[in-house]
Amino acid sequence: MSYQQSNKDFFSYQGTINRKDYTINMLIVIALSIGISLVRFDNFVPYIKPEFLYKILMFMVNLFQFVMLMSAISLIYRRIADFSILRSPKYIDYMKKTFFILFVFPILYLFCFRFFIDIVPFLQNIMDIFVIFFLAPLGVITAFLIAFIKGS
């Protein structure tokens, strides 16, 4: 698939996505993520007799949440690719850096890097504050706003 071809898939990093499809797919991903987070799975414990089945259920729920997060990231990446097509290479490079800082770095930090810097609690606290209170809200606002930028 070409870099400039439109792609409506939920989990693909190739091609672009227009504003309407981005909005619809992002609303679906957000609704599924919120819906799965509102379910209280600890209430199912009395009904699931072998304890390992509950652990398997929780693993599947966490895996589903991770897939929804990666799907949202792929939607954002393709939307940025859509409105960056006819721009200068400098602008495209700037958007790639912005995408990494606002969307990829917070996820990598929260799921991977945070556990490696726990030997320096002061640094971990500063990074937690920076990522959770600055980068994450800025990323959510940016993901909302890129739905309104016209593409090519």
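For the structure, see preceding data.
Residues numbered from 1 in each chain as written. Predicted model: local features only at pLDDT ≥ 70, side-chain atom pairs only at ≥ 80, totals over all residues. Heavy atoms only, no water.

Trainee: Would you mind going over the layout of surface pockets with me for this structure?
Mentor: Rolled over the atoms, a probe sized like a water molecule indicates the empty space that remains. Here the largest pocket is characterised by a volume of approximately 850 Å³. In terms of lining, the largest pocket is formed by 30 residues, of which the most central are Ile 30, Leu 69, Ala 72, Ile 76 and Val 140. The set of elements that each furnish at least two residues to the lining of the largest pocket consists of α1 (19-38), α2 (51-83), α3 (89-116) and α4 (121-145). Of the residues in the lining of the largest pocket, the class split is 24 nonpolar, six polar and no charged. (1 Å grid on protein atoms, 1.4 Å probe; cavity = no way out; pocket = protein on both sides within 12 Å on 5 of 7 lines; lining within 4 Å. Points joined across faces, edges and corners; volume = space filled by probe spheres on them. Helix = DSSP H or I, 4+ residues; strand = E, 2+ residues; numbered from the N terminus. Nonpolar A, V, L, I, M, F, W, Y, C, P; charged D, E, K, R; others polar.)

Trainee: Would you mind going over the packing of aromatic side chains with me for this structure?
Mentor: Two descriptors summarise a pair of aromatic rings, namely the distance from one centre to the other and the angle between the planes of the rings. Applying the stated criterion to the full structure yields six aromatic pairs. Grouping aromatic residues by their ring pairs yields a cluster made of Tyr 77, Phe 99 and Phe 103. The ring of Tyr 91 has Arg 87 lying over it, and the distance from NZ or CZ to the ring centre is 4.8 Å. (Phe/Tyr/Trp six-rings, centres within 6.5 Å; stacked < 30°, edge-to-face > 60°. Lys NZ or Arg CZ within 6 Å of the ring centre and 35° of its normal.)

Trainee: I keep staring at the packing of α3 against α4 and nothing clicks. Help me out?
Mentor: Helix-helix packing is described using two parameters, namely the angle between the two axes and the distance between the axes. Relative to each other, α3 and α4 sit at 145 degrees, their axes nearing to 9 Å. Where α3 crosses over α4, the two elements pack in a sense that is left-handed. Together, Ile 101, Leu 102, Phe 103, Phe 105, Pro 106, Tyr 109, Leu 110 and Arg 114 of α3 and Gln 124, Met 127, Asp 128, Val 131, Ile 132, Leu 135, Leu 138, Gly 139, Thr 142 and Ala 143 of α4 make up the contact between the two elements. Partitioning the contact of α3 with α4 into residue classes produces 13 nonpolar, three polar and two charged. (Axes fitted to C-alpha atoms, helices over the stretch in contact; angles between N-to-C directions. Left-handed = near helix turned anticlockwise from the far one by under 90°. Contact = heavy atoms within 4.5 Å.)

Trainee: What's the story with the pattern of salt bridges in this structure? I'm lost.
Mentor: Where charged atoms from two side chains of opposite charge come close, those side chains can pair. The full count for this structure, using the stated rule, is five salt bridges. A salt bridge links Glu 51 to Lys 55, with the nearest nitrogen and oxygen atoms 3.7 Å apart. Taken together, the positions of Glu 51 and Lys 55, both in helix α2 and four residues apart, correspond to about one turn of that helix. (Salt bridge = Lys/Arg side-chain N within 4 Å of Asp/Glu carboxyl O.)

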